[in-house]
There are 4 protein chains.
Amino acid sequence: MKEHTLKLRVRYAETDQMGVVYYSNYFIWFEVSRTEFFREKGLDYNRIEKERKIYLPVTESYCRYKSPLRYDDLFTITTWLSDVGRSRLTFEYTIKKDGIVVTTGHTKHVFIDPAGKPISIPKDILGLIKG
Amino acid sequence: MKEHTLKLRVRYAETDQMGVVYYSNYFIWFEVSRTEFFREKGLDYNRIEKERKIYLPVTESYCRYKSPLRYDDLFTITTWLSDVGRSRLTFEYTIKKDGIVVTTGHTKHVFIDPAGKPISIPKDILGLIKG
Amino acid sequence: MKEHTLKLRVRYAETDQMGVVYYSNYFIWFEVSRTEFFREKGLDYNRIEKERKIYLPVTESYCRYKSPLRYDDLFTITTWLSDVGRSRLTFEYTIKKDGIVVTTGHTKHVFIDPAGKPISIPKDILGLIKG
Amino acid sequence: MKEHTLKLRVRYAETDQMGVVYYSNYFIWFEVSRTEFFREKGLDYNRIEKERKIYLPVTESYCRYKSPLRYDDLFTITTWLSDVGRSRLTFEYTIKKDGIVVTTGHTKHVFIDPAGKPISIPKDILGLIKG
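One structure accompanies this document, and this report is about it. Note that the structure is a prediction, hence the values are computed from the model and not measured. (Residues numbered from 1 in each chain as written. Chains lettered and ligands numbered in written order. Predicted model: local features only at pLDDT ≥ 70, side-chain atom pairs only at ≥ 80, totals over all residues. Heavy atoms only, no water.)

1. Structural notes on the relation of the copies chain D and chain C
This is how the line gets drawn: Only residues with pLDDT of at least 70 in both copies contribute their C-alpha atoms to the least-squares superposition of the copies. Only heavy atoms enter the contact rule, under which two residues are in contact if any of them lie within 4.5 Å.
When chain D is fitted to chain C, the best match, at an RMSD of 0.0 Å, comes from turning it 180 degrees and sliding it 0.0 Å along the axis. Overall, the copies show the geometry of a two-fold rotation axis. Judged by C-alpha distance, Asp16 of chain D is the residue of chain D that lies nearest the rotation axis, at 1.9 Å. Of the interface residues in chain D, 100% have counterparts in chain C that sit at the interface too, so the contact is made through matching surfaces.

2. A word on unusual backbone geometry
Across the chain, the bulk of peptide bonds are trans and the bulk of non-glycine residues have phi less than zero. In plain terms, the rule: Helical segments are the DSSP runs of H or I of at least four residues, strand segments are the runs of E of at least two, and each set is numbered from the N terminus. Each residue is placed in one exposure class: buried if its accessible area under a 1.4 Å probe, protein chains only, is under 20% of its type's maximum, exposed if it is over 50%, and partly exposed if it falls in between.
Of note, the phi angle at Asp72 of chain A is positive, near 75 degrees, even though the residue is not glycine. Structurally, Asp72 of chain A can be placed in the loop between strand E2 (58-65) and strand E3 (74-84). Exposure remark for Asp72 of chain A: the relative accessible area of 10% places this residue in the buried category. A positive phi angle, near 50 degrees, is found at Asp98 of chain D, a position not held by glycine. Relative to the helices and strands, Asp98 of chain D is located in the loop between strand E4 (88-97) and strand E5 (100-110). With a relative accessible area of 68%, Asp98 of chain D lands in the exposed category.

3. Here's the deal with the relation of the copies chain C and chain A
When chain C is fitted to chain A, the best match, at an RMSD of 0.0 Å, comes from turning it 180 degrees and sliding it 0.0 Å along the axis. A shared binding surface is used by both copies, with 100% of the interface residues of chain C retained as interface residues in chain A.

4. A word on the state of the cysteines
Using the following cut-off: Our working definition of a disulfide is a cysteine sulfur pair at a distance within 2.5 Å.
Counting across every chain of the model gives zero disulfides over all chains. Take Cys63 of chain A: it sits in no disulfide, and the sulfur closest to it among the cysteines is that of Cys63 of chain C, at 13 Å. A residue is classified by how much of its surface remains accessible, and Cys63 of chain A, at 0% relative accessible area, is buried.

5. Structural notes on the interface of chain D and chain C
Our working definition: Buried surface area refers to the total accessible area, computed with a probe of radius 1.4 Å, that the two partners give up upon joining, counted for both partners together. What counts as a salt bridge is simple: a side-chain nitrogen of Lys or Arg found within 4 Å of a carboxyl oxygen of Asp or Glu. What qualifies as a polar contact is a pair of N or O atoms within 3.5 Å, subject to a donor-acceptor requirement within protein and to the restriction that residues adjacent in sequence count only when both atoms come from side chains. As a working rule, the residues Ala, Val, Leu, Ile, Met, Phe, Trp, Tyr, Cys and Pro are called nonpolar, Asp, Glu, Lys and Arg charged, and the rest polar, with Gly in that last group.
With nine residues of chain D in contact, the opposing surface of chain C contributes nine residues. Each partner contributes to the roughly 930 Å² buried at the junction of chain D and chain C, and carbon and sulfur atoms together form 58% of this total. Three residues stand out in chain D for area buried against chain C, namely Tyr12, Gln17 and Tyr22 of chain D, and they jointly supply 60% of the buried area on that side. Summed over the shared surface of chain D and chain C, the result is zero salt bridges. Counting every contact that joins chain D to chain C gives four residue pairs in polar contact (both at pLDDT 80 or more). By residue class, the composition of the side of chain D that touches chain C is five nonpolar, three polar and one charged.

6. Regarding the packing of aromatic side chains
So the rule is basically this: Note on aromatic contacts: the rings of Phe and Tyr and the six-membered ring of Trp form a pair at centre separations within 6.5 Å, being stacked when their planes are under 30 degrees apart, edge-to-face when over 60 apart, and tilted otherwise.
Per the counting criterion, the structure on display carries 66 aromatic pairs over all chains. Ring centres 5.3 Å apart and planes at 90 degrees place the aromatic pair Phe37 of chain A and Phe91 of chain A in the edge-to-face group. Pair noted here: Phe37 of chain A is in helix H1 (residues 25-40) and Phe91 of chain A is in strand E4 (residues 88-97), with a separation of 54 residues, a long-range link. The exposure class of Phe37 of chain A is buried, given its relative accessible area of 0%. Relative to Phe75 of chain C, the ring of Trp29 of chain C lies with its centre 4.4 Å away and its plane at 40 degrees, an arrangement referred to as tilted. Here the residue Trp29 of chain C occupies a position in helix H1 (residues 25-40), and Phe75 of chain C occupies one in strand E3 (residues 74-84), the gap between them amounting to 46 residues. According to the relative accessible area criterion, Trp29 of chain C is buried, its value standing at 0%.

7. Examining the pairing of strand E4 (residues 88-97) of chain C
All names here are of chain C. Selection rule: Paired strands are those between which DSSP finds at least two bridges.
Sheet topology places E3 next to E4; eight bridges connect them, and they run antiparallel. In the strand pairing of E4, Asp83 is matched with Thr90. Taking the residues between adjacent antiparallel strands as the criterion, E3 and E4 are bridged by three residues. Here 10 bridges tie E4 to strand E5 (residues 100-110), and the two strands are oriented antiparallel to one another. Looking across to E5, one finds that Ile95 is bridged to Thr103. Counting the residues between successive antiparallel strands, the hairpin from E4 to E5 contains two residues, one of them, Asp98, with a positive phi of roughly 50 degrees.

8. Some remarks on the sheet that holds E2 of chain A
In plain terms, the rule: To get an axis, a line is fitted to the C-alpha atoms, and for a helix only the part in contact is used. The angle between two axes follows their N-to-C directions and goes from 0 to 180 degrees.
Strand order across the open sheet formed by 10 strands is E1(A)-E3(A)-E4(A)-E5(A)-E2(A)-E2(C)-E5(C)-E4(C)-E3(C)-E1(C), with antiparallel pairing between neighbours. With one partner strand each, in any of the chains shown, strand E1 (4-9) of chain A together with strand E1 (4-9) of chain C form the two edges of the open sheet. For this sheet the average axis-to-axis angle between neighbouring strands, irrespective of direction, equals 20 degrees.

9. Let's talk about the pattern of salt bridges
Overall, the coordinates contain 32 salt bridges over all chains when judged by the stated rule. Between Asp72 of chain B and Arg39 of chain C there is a salt bridge, and its shortest N-O distance comes to 2.9 Å. In this pair, Asp72 of chain B sits in the loop between strand E2 (58-65) and strand E3 (74-84) while Arg39 of chain C sits in helix H1, so the two residues belong to two different chains. For Arg39 of chain C, a relative accessible area of 27% corresponds to the partly exposed category. For the salt bridge of Asp124 of chain D with Arg52 of chain D, the shortest nitrogen-to-oxygen distance reads 2.7 Å. Of this pair, Asp124 of chain D sits in helix H3 (residues 123-130) while Arg52 of chain D sits in helix H2 (residues 45-52); the two residues are 72 residues apart in sequence, bridging distant segments of the chain.

See the structure below:
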């Protein structure tokens with residue numbers, strides 16, 4: 001399962017009075033990266049929600065902050081799937097600045113129907129994800 | 001039309017690297033204040049959306065920043081309706097810290113149906129709002 | 001080490017198009033809860049930063065989402081210290097709605113000086129925290 | 001004074017339960033656009049703050065929402081200076097999706113020193129801004 005790398009830049013809004021990125025914003029970038037990971041695999045997450053009424057909420061999130069990012073920093077997020085279950089996915093993330101790892105994390109997800117019930121990952125989605 | 005006053009405290013997440021509240025966060029507080037304004041009038045905005053499928057999106061927003069708010073500051077938002085049209089509302093806001101006005105603003109809204117079409121303000125809602 | 005409980009309400013801004021609270025916002029509430037935990041112990045975190053130039057950044061954050069929170073939900077966050085090291089603290093959090101646990105999490109922190117170097121937890125702070 | 005155009009994509013975090021972008025997030029994009037406007041002119045706003053201790057807070061912000069943006073929408077922000085005073089700037093913004101204007105707005109700013117006192121726009125900055 002191939003990894004995906006995305007380049008982003010820190011927004012002023014993402015900083016706090018400590019002069020660094022506020023800790024919850026990393027999870028927003030993880031999500032941006034998941035969207036692009038899916039797109040690269042040929043999956044449009046928005047259409048999965050809108051057209052197929054399949055949702056992929058987060059069940060767990062974790063982040064380890066090694067060194068801070070600051071306003072206007074350019075950084076990369078590398079994203080890959082470390083686990084694919086019957087209904088569940090685990091994404092891993094590594095954020096690097098100037099080639100140095102500054103943050104790592106993961107998120108766990110479950111595919112659900114509109115009623116919130118876990119469903120098996122549809123075969124076409126599974127095929128593309130694993131591609 | 002009576003005004004409503006709400007007391008809030010600045011969250012760390014709401015600051016930026018300038019050491020003050022990031023400018024877009026005032027609009028989030030305006031919305032919190034609108035929710036409480038409605039509740040005080042006997043209106044549950046959440047149920048208006050969920051049960052009656054009536055929505056009140058923002059069509060215009062404005063904020064004037066006189067002096068900054070900082071982390072952990074206690075402040076008040078006073079909210080009132082300055083205009084009530086057939087489908088439209090204008091809310092005014094004044095934020096004070098220690099009795100001094102630090103921010104003013106307004107937002108304009110339109111009542112719409114699920115298709116996004118403006119609708120007349122329902123009579124029961126109008127009655128309560130003007131109460 | 002006594003726990004602290006805070007009551008909050010979900011803001012509209014904190015929801016996403018899935019109709020539930022966006023997953024990163026729980027970490028913002030964890031921080032609000034830490035601020036109030038400190039205040040209850042007689043510690044003003046803002047003054048610790050401003051006057052003593054001591055900072056307590058997050059080194060790890062974790063959240064487990066059992067069931068979603070929605071707009072206007074009232075909920076409680078219970079916060080306590082599960083570990084106090086020489087320079088480090090671990091906070092645990094439990095979020096309940098109507099008495100039911102909906103989210104749990106923890107954050108790890110390190111006391112640092114303005115240069116970012118870990119420092120021993122000052123004795124007066126340690127005394128109050130453990131009180 | 002030449003305009004600047006930036007392409008962005010709506011993040012999931014930027015939506016709310018109405019299924020559209022939450023209204024305060026437009027101001028965050030305005031700021032991203034200002035940063036890139038400055039960069040295109042040869043100005044690094046981050047270094048202006050860090051190295052010269054000159055700040056450009058917002059004194060007024062305004063946004064008019066014509067039609068909503070949604071998750072994963074690609075859009076452009078066009079930014080230009082409509083007024084340059086002794087200490088003050090006014091930025092105008094137009095957001096388009098598929099060539100159609102969906103949002104317009106402006107922000108007013110003042111150059112200040114670390115004490116918060118307005119200062120004349122430094123000549124080198126003025127020269128580049130007007131370029």
